[in-house]
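These are the residues of each chain, in order.
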Number of protein chains: 2
Amino acid sequence: MSDLTGRVRGPLAPSTAVQRPLSIDDVEIHGGPLGRWQQINREASIPLGLEQMEKSGAAPNLRLAAGEGGGAFQGYRFQDSDLYKQLEAVAWEHCRHPDDAYRAFVAESAALLARAQRPDGYLNSHYQVVKPDKIFAELEYSHEMYCAGHLFQAAVAAARAGLGEDLLDVARRFAGLLVQRFLVDGDDGIDGHAEVETALVELYRLTGERPYLELAVKLIDNRGKGLIKSTGMGPLYAQDHLPVREAATPVGHAVRQLYLEAGVVDVAVETGDAGLLASSVRRWEDLVATKTSITGGHGSRHDGEAFGERYELPPDRAYNESCAAIASIHWNWRLLLATGHGRYADLIERTLYNAFAASTSGDGTRFFYVNPLQRRTDLFEDAYLGRRREWFACACCPPNIMRLVSSLGHYVATTSDEGVSVHQYAPGVIRAGGVVLDVETGYPWHGRVRFTVRSAPGGEWTLRLRVPAWSSAGDLTPGADGYAAIRREWQAGDTFTLDLDLTPRIVRPHRRIDALRGCAAIERGPLVYCFEQIDQDTDLDDLALTPDPALRTVERDLPGIGRTVLVEADAVRLPPAPPGGLPYTAGADPAPAARATATAVPYHQWDNRDGGVMRVWMPLA
Amino acid sequence: MSDLTGRVRGPLAPSTAVQRPLSIDDVEIHGGPLGRWQQINREASIPLGLEQMEKSGAAPNLRLAAGEGGGAFQGYRFQDSDLYKQLEAVAWEHCRHPDDAYRAFVAESAALLARAQRPDGYLNSHYQVVKPDKIFAELEYSHEMYCAGHLFQAAVAAARAGLGEDLLDVARRFAGLLVQRFLVDGDDGIDGHAEVETALVELYRLTGERPYLELAVKLIDNRGKGLIKSTGMGPLYAQDHLPVREAATPVGHAVRQLYLEAGVVDVAVETGDAGLLASSVRRWEDLVATKTSITGGHGSRHDGEAFGERYELPPDRAYNESCAAIASIHWNWRLLLATGHGRYADLIERTLYNAFAASTSGDGTRFFYVNPLQRRTDLFEDAYLGRRREWFACACCPPNIMRLVSSLGHYVATTSDEGVSVHQYAPGVIRAGGVVLDVETGYPWHGRVRFTVRSAPGGEWTLRLRVPAWSSAGDLTPGADGYAAIRREWQAGDTFTLDLDLTPRIVRPHRRIDALRGCAAIERGPLVYCFEQIDQDTDLDDLALTPDPALRTVERDLPGIGRTVLVEADAVRLPPAPPGGLPYTAGADPAPAARATATAVPYHQWDNRDGGVMRVWMPLA
């Protein structure tokens, strides 16, 4: 297979990898949830995001920095990053669906950014307009390098998408300034919010400018030396408590930690630093075993948008920020390319179909910032009562969601010296080197995935198919890496069928997760299910599953959701609990009153009908 | 019995009440936990607090306001309130234990405050020194009236304690300014942090100045009109979401809500407003049934130091601020006096012996701000790893604790037209009107309480003894109000013995409390118990109680704790859970491996030996 570095039209192009990524447009997705998400992203979300670039102040702020137009700076110090993520979303969308409007938005934005950029290359509208005297003086919370990172990623995307290099010129001028100050001149400052590290490595991969990589190395090596002055949140908040190599578990602000890990793996891969890579893998293993929601959500604490302690995984107060799900997919993708191990693709799938997919409404016009696993009806946080919103004062999530969806094709399959590996299953076409594969499937609603070889190079090669940990694969036996490998001299017209087991499963929590004791959840294939009040014929809070409930699947068309598969579970209706007095008594609960059925809907489809009670984890009678 | 208004030497002196309070020095406490707390409060806590008045900036800030000394303002905008609470603690301590050093501290502080006070009566060192242009301009978070309230309470305490009226003069000048601006001149501003309302009523009770009461009425009536501009925390944070009469449940910042309720009951009692009182009782009933920890702790969320939703009561992340326990006792005491119902005394006892008592180390030199019901060992919040601290940057709790302990005698017994009511049991002497009672008891370690009448007025009167909801009382049958009433012509020398049942109890949570499902706790008498790692012979996280465990009590002398009563419970040792991978599996847990014993210590005595794992709620096998 050919080396794809340099010609990958997608977010990641490592110069060395066990698995090599494909370009976004090497993969066509013709339906299924992933296809649906791409469609609403293009038709609803991206247009909404483009509007918000004016409304939310992102573009007006940059005009102020350029000395154009009037008014005051709007929003947060990291407001520029909304525009950068929106640019990246548009660039990746352009790869799969060229559009002059996208080309124009990128060109105009690049021109505006060039006008706003200082001659020395500095670019941050908040600091240029509001606090010019504080430039690089309060890195612990300034987000200046964080915003630079998103600029670099947008510029790399525009260049790889064939949208010109104007944005790249802006990015390189700013990157040059960072290199001069923080590498050459020896300023040891690091940003309180990781993000620029992974962006610098991609910029290096695109341009070959080694100092970008060297700066990324230094920024990572400088963590854990107390160089981040007080954020008021303690040293763990910004992962400055320990050197990266010594940190055993993810801590502090979840998105900061997860963006940092993407940079850590990028640096380890490009510098061949096996020890650094091993430290990231060690944290991954601790994270998965002790700090991950069943949906793949990360960050269980509202307080500090942070990781909790080990096994601190409350369903109702799970923060599970949408951006943390995205950052987790970025990190796992890098680990998958570096190691070829299917456990990372498994977690990408779990996160993609659950923690991530739930962030967006069925019509693509409303978004969750926080993704809990339970919603009560007397919510008091705000006027939205835990519903999705069109936009946020801090709008980090919506454009982040858009850039991931527009690049979904990038995450479906890879190539290696042995052949083609398929990680995510969706109907469509995969072009990998000389191989063209048709994929027919109703996944994740149906378990059969049928591959037809449309064309293939001569000689033997291996078709590697991920077998998720929750499934058997007929008479196929996956290897220790989680893939079934079929090696042969494939001919055009050959077909191969993978059958995954979508029998619904009752899942129980580890006994150390105190917040979930005595409960069970339902999964089917990659989908985690939840129970919404609207689907029950009694008060959801009075329902409990039978100890070993029979599960039945039912196909339905639901308003606001469309075609879906519900799961019905045997349950009991609990008698009303005695009212009044303290809720702690010596008496046992009265016996269940009556048999009932509890009906579950895929978690990613929740909150599309009303604002009622929801829970993923159901008590067991 | 005589009307006590005007001569009560204690925190509360309502002009009308079903039960009338005694003076602090009407009650001598000769030992037991309450006696011990008073002793360490006097010997360790108060001296430490007096030192901190200089160290923490409270006194230096006021010298700056007085134009004396140099340096910069230290600490928070509400730093003055630390001094006010310290003054109140010293004044109440002086009632039971006169001390020239206390008299000097109060006199010097009053003189300093008089020098710092502006001619117009305004007094707040932060606004006078740092933001003179913002005086009364940012009430939503300024704490100016909050600090004034603590000043008024300190002044009332000093006057009632016979420590002169210099502090009262300062208070009245400030109160006069508030009355002029916010009552006479019609400014509708209200403070974002309730506290001044109850203080204004006490100032009225002491001075007879009706405008103080009228201002308190207006401040309470003004809530729920959106007059509190954005605190950035939403209208519920400061209880400005609904008019007080319409609010059905406590919401937002717990201490704000609970201080407000004290003022609500004070105003209702002084104005005869039955509807207002009923609204407070309604919120009390909802709070107790759905938002109260077994320890009596209030406020389950770190995020906003706030009440959670109904049944949101996590043991590990329970915030349960020490100040909220104190505020709850203030509120319940007012409801007890207003209604005479024992359920309020029951909650005072539960809170006093658990949520409140746990806030202070066994030697009185370290304090908890947050009082969770579970501690893990990989805590990452801060360097203290969840241990008590000597002081805090925001030091609202320590002096608050001191003022409650120094006034404990006030909460033991009351008088009414029928006779004497005893609410809390401690060895010592109770002087109530013409009655003198000796009390002999080892409570709460032992259940027998023996009363001897030392002197009594002629004629019949009733001795009312609270029978806690958790206990029988031999052949005594308590009334619906929770008190056993013994009416007779008591003669000097008469004795009466109350036997309370201290058999340890297994207590289960209401099924709606998701965070406690499948767990049980142990109570004995008024004490909630907890399990600390140091008392177990295996990893506490591997222990579970048997479904219906036998409980055994054991008296012990423990380092850092002294004499106490442990409870041993039948338990099982759980096998180690499978390591690695996601903590969600289709398989059931393996069967318990071996029989074991779990040993519990009174919750209020935890964290006096090491920083190990602790849990109040234990899983049931």
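Numbering of residues starts from 1 in every chain and runs along the sequence as written. Each chain gets a letter, beginning with A, and each ligand a number, beginning with 1, in the order they are written. With pLDDT at 70 or above as the cut-off, local features in this predicted model cover only qualifying residues; side-chain atom pairs require 80 or more to be listed or tallied, and sums for whole chains, interfaces and linings still use all residues. To get the side-chain values, take all heavy atoms of the structure and skip hydrogens and water.

## Some words on the overall build of chain A
Then, in step 1: Assigned secondary structure in chain A consists of 15 helices and 21 strands.
Then, in step 2: Computation of the radius of gyration draws on C-alpha atoms, with the globule rule given as 2.2 Å multiplied by the number of residues to the power 0.38. For chain A, the C-alpha radius of gyration of 24 Å lies close to 25 Å, the compact-globule estimate for 621 residues.
Then, in step 3: Over its C-alpha atoms, taken along the principal directions, chain A stretches across nearly 75 × 70 × 45 Å.
Then, in step 4: Each residue is placed in one exposure class: buried if its accessible area under a 1.4 Å probe, protein chains only, is under 20% of its type's maximum, exposed if it is over 50%, and partly exposed if it falls in between. Per-residue burial for chain A yields a buried fraction of 65% across its 621 residues.
Then, in step 5: It only takes one pair of heavy atoms within 4.5 Å for two residues to be counted as in contact. Relative to all contacts within chain A whose residues are 6 or more apart in sequence, the contacts with residues 24 or more apart total 69%. What counts as a helix is a DSSP run of H or I of at least four residues, what counts as a strand is a run of E of at least two, and both are numbered from the N terminus.

## A closer look at the packing of helix 9 (residues 196-207) of chain A against helix 11 (residues 254-271) of chain A
Residues and elements named next belong to chain A.
Then, in step 1: All axes here are fitted lines through C-alpha atoms, helices being fitted over the stretch that makes contact, and every angle between N-to-C directions spans 0 to 180 degrees. As a packed pair, helix 9 and helix 11 sit with axes 7 Å apart at the nearest point and diverge in direction by 35°. Together, Glu 197, Thr 198, Val 201, Tyr 204 and Arg 205 of helix 9 and Tyr 259, Leu 260, Ala 262, Gly 263, Asp 266, Val 267, Val 269 and Glu 270 of helix 11 make up the contact between the two elements.
Then, in step 2: Here the term charged refers only to Asp, Glu, Lys and Arg, the term nonpolar to Ala, Val, Leu, Ile, Met, Phe, Trp, Tyr, Cys and Pro, and the term polar to all other amino acids, Gly among them. Across the contact of helix 9 with helix 11, the residue classes break down as 7 nonpolar, 2 polar and 4 charged.

## What about the state of the cysteines?
Then, in step 1: Two cysteine sulfur atoms form a disulfide, by the criterion used here, when they sit within 2.5 Å. Here the structure, examined in full by the defined rule, presents 0 disulfides over all chains.
Then, in step 2: Sulfur of Cys 397 of chain A: no disulfide; nearest cysteine sulfur belongs to Cys 323 of chain A and is 3.5 Å away.
Then, in step 3: Of all cysteine sulfurs, the one in Cys 394 of chain B lies closest to Cys 147 of chain B, which takes part in no disulfide; the gap is 11 Å.

## Some words on the sheet that holds strand 8 (residues 448-455) of chain A
Residues and elements named next belong to chain A.
Then, in step 1: DSSP-based pairing: two strands are paired if at least 2 bridges between them are found. Overall, antiparallel pairing links the 5 strands, which are arranged 2-6-7-8-11 in an open sheet. Strands with a single pairing partner mark the edges of an open sheet, and in this sheet they are strand 2 (27-29) and strand 11 (495-499). Taken pair by pair, the neighbouring strands of this sheet meet at an average axis angle of 20°, ignoring direction.
Then, in step 2: Judged from the 6 bridges that link them, strand 7 (residues 435-441) and strand 8 form a sheet pairing that is antiparallel.

## Regarding the pairing of strand 16 (residues 551-558) of chain A
On any regular strand, side chains alternate: one points to one face of the sheet, the next to the other face.
All names here are of chain A.
Then, in step 1: Across 8 bridges, strand 16 lies against strand 17 (residues 562-573) in antiparallel orientation. Its bridge partner being in strand 17, Asp 557 is matched across the sheet by Arg 563.
Then, in step 2: Taking the residues that link successive antiparallel strands as the turn, the strand 16-strand 17 hairpin has 3 residues, and the phi of Gly 560 there is positive, at about 80°.

## Things to note about the domain arrangement of chain A
Residues and elements named next belong to chain A.
Then, in step 1: For every domain, the bounds stem from an assignment made automatically or drawn from a database. When the domains of chain A are assigned, the result is domain 1 (31-411), domain 2 (414-499) and domain 3 (505-619).
Then, in step 2: Spacing between the C-alpha centres of domain 2 and domain 3 amounts to 36 Å.
Then, in step 3: With 5 residues of domain 2 in contact, the opposing surface of domain 3 contributes 13 residues.
Then, in step 4: Two parts placed together each lose some accessible area under a 1.4 Å probe, and the buried area is that loss summed for both. Taken together, both faces of the contact between domain 2 and domain 3 bury some 640 Å²; the carbon and sulfur share is 66%.
Then, in step 5: In terms of surface lost to domain 3, no three residues of domain 2 exceed Pro 444, Trp 445 and Trp 470, which account for 87% of the buried area on that side.
Then, in step 6: By the criterion applied in these results, polar contacts are pairs of N or O atoms within 3.5 Å in which, for protein atoms, one can donate a hydrogen and the other can accept it, and in which residues neighboring in sequence qualify only through two side-chain atoms. Counting the contacts that link domain 2 with domain 3 gives 1 residue pair in polar contact (both at pLDDT 80 or more).
Then, in step 7: Residues of the side of domain 2 that touches domain 3, tallied by class, amount to 4 nonpolar, 1 polar and no charged.

## Focus: the interface of chain A and chain B
The accessible area lost on association of the parts is a frequent measure of interface size.
Then, in step 1: The interface is formed by 59 residues belonging to chain A together with 59 residues belonging to chain B.
Then, in step 2: Interface of chain A and chain B: buried area, both sides summed, is about 5,000 Å²; carbon and sulfur atoms make up 51% of it.
Then, in step 3: The working definition used for a salt bridge is a side-chain nitrogen of Lys or Arg within 4 Å of a carboxyl oxygen of Asp or Glu. Counting every contact that joins chain A to chain B gives 12 salt bridges.
Then, in step 4: The salt bridge involving Glu 312 of chain A is made with Arg 317 of chain B; its shortest N-O contact spans 3.7 Å.
Then, in step 5: Viewed at the interface, chain B and chain A are joined by 23 residue pairs in polar contact (both at pLDDT 80 or more).
Then, in step 6: Among the secondary structure elements, those contributing two or more residues to the side of chain A that touches chain B are helix 12 (274-290), strand 12 (505-509) and strand 18 (584-585) of chain A.
Then, in step 7: Examining the composition of the side of chain A that touches chain B, we find that 4 residues originate from one element, strand 12 of chain A, more than from any other.
Then, in step 8: Examined bridge by bridge, strand 18 of chain A and strand 12 (residues 505-509) of chain B share 2 bridges and lie antiparallel to one another. Considered in strand 12 of chain B, the bridge of Tyr 584 of chain A is made with Pro 509 of chain B.

## Observations concerning the sheet that holds strand 6 (residues 428-432) of chain B
All names here are of chain B.
Then, in step 1: The strand order 2-6-7-8-11 describes an open sheet built from 5 strands, whose pairing is antiparallel. Two strands bound the open sheet, and with one partner strand each, they are strand 2 (27-29) and strand 11 (495-499). Ignoring which end each strand starts from, the neighbouring axes of this sheet average 20° apart.
Then, in step 2: Relative to strand 11, strand 8 (residues 448-455) runs antiparallel, the two being bridged by 5 bridges. Directly across from Arg 448, in strand 11, lies its bridge partner Asp 499.

## Quick look at the confidence of the model for chain A
All names here are of chain A.
Then, in step 1: Per-residue confidence from the predictor is reported as pLDDT, which spans 0 to 100. Of all residues in chain A, 98% attain a pLDDT of 70 or more, and the chain-wide mean is 95.
Then, in step 2: For the stretch residues 1-5, pLDDT sits under 50, and the model shows 16 contacts to residues farther than four places along the chain or on other chains.
Then, in step 3: With pTM at 0.95, the complex prediction returns an ipTM value of 0.94.

## Quick word on the relation of the copies chain A and chain B
Then, in step 1: Least squares is the method used to superpose the copies, on C-alpha atoms of residues holding a pLDDT of at least 70 in both. Between chain A and chain B, the superposition needs a rotation of 180° and an axial shift of 0.0 Å, giving an RMSD of 0.0 Å. What the superposition gives is, in effect, a two-fold axis relating one chain to the other.
Then, in step 2: Of the residues that chain A buries at the interface, 100% are likewise interface residues in chain B, meaning the two copies contact each other through the same surface.

## Digging into the packing of helix 12 of chain A against helix 14 (residues 342-356) of chain A
Residues and elements named next belong to chain A.
Then, in step 1: For the pair helix 12 and helix 14, the least separation of the axes is 13 Å and the interaxial angle reads 45°. When the axes of helix 12 and helix 14 are compared, the pair comes out oblique. The way helix 12 lies across helix 14 gives a crossing that is left-handed. Contact residues: Val 281, Trp 284, Glu 285 and Val 288 in helix 12; Arg 343, Tyr 344 and Leu 347 in helix 14.
Then, in step 2: Of the residues belonging to the contact of helix 12 with helix 14, the class tally is 5 nonpolar, no polar and 2 charged. Any angle that falls under 35 degrees is termed roughly parallel, while one over 145 is termed roughly antiparallel, one within 65 to 115 roughly perpendicular, and all others oblique. Should the near helix be turned anticlockwise from the far one by less than a right angle, the crossing is termed left-handed; should it be turned clockwise, right-handed.

## Describing the pairing of strand 7 (residues 435-441) of chain B
Residue and element names in this part refer to chain B.
Then, in step 1: Counting buried residues in strand 7 gives 6 out of 7 residues, a clear majority hidden from the surface.
Then, in step 2: As paired elements, strand 6 and strand 7 share 5 bridges and run antiparallel to each other. Following the sheet pairing, Gly 428 is matched in strand 7 by Val 439.
Then, in step 3: Hairpin connection between strand 6 and strand 7: a loop of 2 residues separates the two successive antiparallel strands, and Gly 433 in this loop has a positive phi of roughly 60°.
Then, in step 4: Linking two consecutive strands that pair antiparallel, namely strand 7 and strand 8, is a turn of 6 residues.

## A look at the packing of aromatic side chains
All names here are of chain B.
Then, in step 1: For this analysis, a ring pair means two rings from Phe, Tyr or Trp (six-membered ring only for Trp) whose centres lie within 6.5 Å, classed as stacked if their planes differ by under 30 degrees, edge-to-face if by over 60, and tilted for the remaining angles. The tally for this structure, following the rule as stated, stands at 34 aromatic pairs over all chains.
Then, in step 2: A centroid spacing of 5.2 Å and a plane angle of 20° characterise the contact between Phe 368 and Trp 606, whose relative ring orientation is stacked. Of this pair, Phe 368 sits in the loop between helix 14 (342-356) and strand 3 (374-375) while Trp 606 sits in the loop between strand 19 (594-602) and strand 20 (614-615); the two residues are 238 residues apart in sequence, bridging distant segments of the chain.
Then, in step 3: On the accessibility criterion, Phe 368 (4% relative accessible area) is buried.

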